[in-house]
Amino acid sequence: PVGIAIGVSLQGILNTNSPAYLMTLGIVNSIAAGMLIFIAFEHMNAFRNKGNWLRKQGAFAHILCFGSFTMAGTALLVVAKWA
């Protein structure tokens, strides 16, 4: 709520085409994307280590799970670029 209030109050005086704004926006977006990728890998790693089902499976199941994760991430990137 505090961030929303700050954003609304700065909306009128902020130049969204300035290089400083675009650089800040890019840095904040890259930090958010990095945190999302880190959390996704941590969840996948926890599932792999704690889940008995995947531990008992062979290399094909591991490759399939990783491929599914990679395809889901690619789909998110395509939607984000398209939107």
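Above this note sits the structure.
Residues numbered from 1 in each chain as written. Predicted model: local features only at pLDDT ≥ 70, side-chain atom pairs only at ≥ 80, totals over all residues. Heavy atoms only, no water.

Asker: Break down a nonpolar patch on the surface for me, with residues and values.
Answerer: Taken together, Val2, Ile6, Leu10, Ile13 and Leu14 make up a surface patch of nonpolar side chains, about 500 Å² in accessible area. Mapped onto the fold, leucine 14 is located in the loop between α1 (2-10) and α2 (19-50). Overall, the relative accessible area of 43% leaves leucine 14 in the partly exposed class. (Patch = residues over 30% accessible without salt bridge, like charges linked within 9 Å, V, L, I, M, F, W, Y side chains within 5 Å. Areas by Shrake-Rupley, 256 points an atom, 1.4 Å probe, with all protein chains shown as cover. Salt bridge = Lys/Arg side-chain N within 4 Å of Asp/Glu carboxyl O. Helix = DSSP H or I, 4+ residues; strand = E, 2+ residues; numbered from the N terminus. Buried < 20%, exposed > 50% of the residue type's maximum accessible area, 1.4 Å probe, protein only.)

Asker: Tell me about the layout of surface pockets, residues and numbers included.
Answerer: Its volume calculated, the largest pocket comes out at about 370 Å³. Residue lining of the largest pocket: 14 residues in total, with Leu36, Ile37, Gly73, Leu76 and Leu77 positioned closest to the centre. At the level of secondary structure, the elements contributing two or more residues to the lining of the largest pocket comprise α2 and α4 (59-82). It is α4 that provides the largest number of residues to the lining of the largest pocket, a total of nine residues. Its residues placed into classes, the lining of the largest pocket shows eleven nonpolar, three polar and no charged. (1 Å grid on protein atoms, 1.4 Å probe; cavity = no way out; pocket = protein on both sides within 12 Å on 5 of 7 lines; lining within 4 Å. Points joined across faces, edges and corners; volume = space filled by probe spheres on them. Nonpolar A, V, L, I, M, F, W, Y, C, P; charged D, E, K, R; others polar.)

Asker: Describe the environment of serine 9, naming the residues involved and giving the relevant values.
Answerer: Along the chain, serine 9 turns up in helix α1. The spacing of serine 9 and alanine 59 is 50 residues in sequence and 54 Å in space, taken between C-alpha atoms.

Asker: How would you sum up the packing of aromatic side chains? Please name residues and give values.
Answerer: In total, this model carries one aromatic pair according to the counting rule given. Summarising the aromatic geometry, the rings of phenylalanine 66 and phenylalanine 69 are spaced 6.5 Å apart at their centres and angled 35° between planes, so their arrangement reads as tilted. Of the two residues, phenylalanine 66 and phenylalanine 69 both sit in helix α4, three residues apart, roughly one turn of that helix. Phenylalanine 66 gets classed as partly exposed once you look at its relative accessible area, which sits at 44%. (Phe/Tyr/Trp six-rings, centres within 6.5 Å; stacked < 30°, edge-to-face > 60°.)

Purely spatial values, then, with no claim about function.
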